[in-house]
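The chain contents come next:
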Amino acid sequence: ATGVQVVIVKDGSDVTMDNLGEKMIGTQRGTTGYIYASDTPENGGYGEDHVLAYDNGATAVQALMNGQIDAVIIDEAPAKEFVAANEGLTILETPWVEEDYAIGMKKGNTALLEAVNAAMTELKADGTFQAIVDRYITAD
């Protein structure tokens, strides 16, 4: 699976992907968004001086709306929910980062690989994956 992280800003903001490192950025504590953004510029981050960690995405978005930060880096699905639920917010067009997720298992264990692939195919086909996303990835 591929996860996409995006940047939420206020409508009319001057924040762009090019100047993001000059701004104050909010993220959810302990997430890859926080880890990547707070890393040193040599490693592609903006440094800890430009990133504030919040207990959850909703608190980071509230800080953005209150003018305490300039942008929020968060996964795309909850970002869309936050923007839909809070007038005056928008998502920058370009994704901030894309991450690939996978399930690891012992090499050569074809029985487990086939079972996992079959289960994933079934969960996608019957709508279970989408039901999980709809239930748990919300602005709440």
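Residues numbered from 1 in each chain as written. Predicted model: local features only at pLDDT ≥ 70, side-chain atom pairs only at ≥ 80, totals over all residues. Heavy atoms only, no water.

Considerations on the overall build of the chain
Along the backbone of the chain there are five helices and six strands. Listing each helix as α and each strand as β along the chain from the N terminus yields β-β-α-β-α-β-α-β-β-α-α. Principal-axis analysis of the C-alpha atoms gives the chain an extent of 50 × 35 × 25 Å. Within the chain, the fraction of its 140 residues that count as buried is 30%. At a minimum sequence separation of 6, the contacts of the chain that also span at least 24 residues come to 73%. (Helix = DSSP H or I, 4+ residues; strand = E, 2+ residues; numbered from the N terminus. Buried < 20%, exposed > 50% of the residue type's maximum accessible area, 1.4 Å probe, protein only. Contact = heavy atoms within 4.5 Å.)

A look at the nonpolar core
Ranked by size, the top nonpolar core spans 14 residues in total, and within it I8, L64, I69, V72 and I74 carry the most contacts. Sorting the residues of this core by element identifies β1 (2–10), α2 (57–65), β4 (71–75) and α3 (76–85) as the ones contributing at least two each. With four residues, α2 is the largest single contributor of residues to this core. Apart from residues no more than four positions distant in its own chain, I74 is found in contact with V4, Q5, V6, I8, G57, A79 and F82. (Core = buried A, V, L, I, M, F, W, Y, C linked by side-chain atoms within 4.5 Å.)

A look at the packing of aromatic side chains
Scanning all chains against the criterion turns up two aromatic pairs. Consider the rings of Y36 and W96, whose centres lie 6.4 Å apart with planes at 40 degrees: the pair is tilted. Taken together, the positions of Y36 in helix α1 (residues 32–38) and W96 in the loop between β5 (89–91) and β6 (97–100) put the pair 60 residues apart, joining distant regions of the chain. For W96, a relative accessible area of 16% translates into the label buried. (Phe/Tyr/Trp six-rings, centres within 6.5 Å; stacked < 30°, edge-to-face > 60°.)

Notes on the pattern of salt bridges
Applying the stated criterion across every chain yields a total of two salt bridges. In this structure, the salt-bridge partner of D55 is R29, at a minimum N-O distance of 3.2 Å. Pair noted here: D55 is in the loop between β3 (51–54) and α2 and R29 is in the loop between β2 (25–28) and α1, with a separation of 26 residues, a long-range link. Taking the relative accessible area as the measure of exposure, R29 reaches 48% and is therefore partly exposed. (Salt bridge = Lys/Arg side-chain N within 4 Å of Asp/Glu carboxyl O.)

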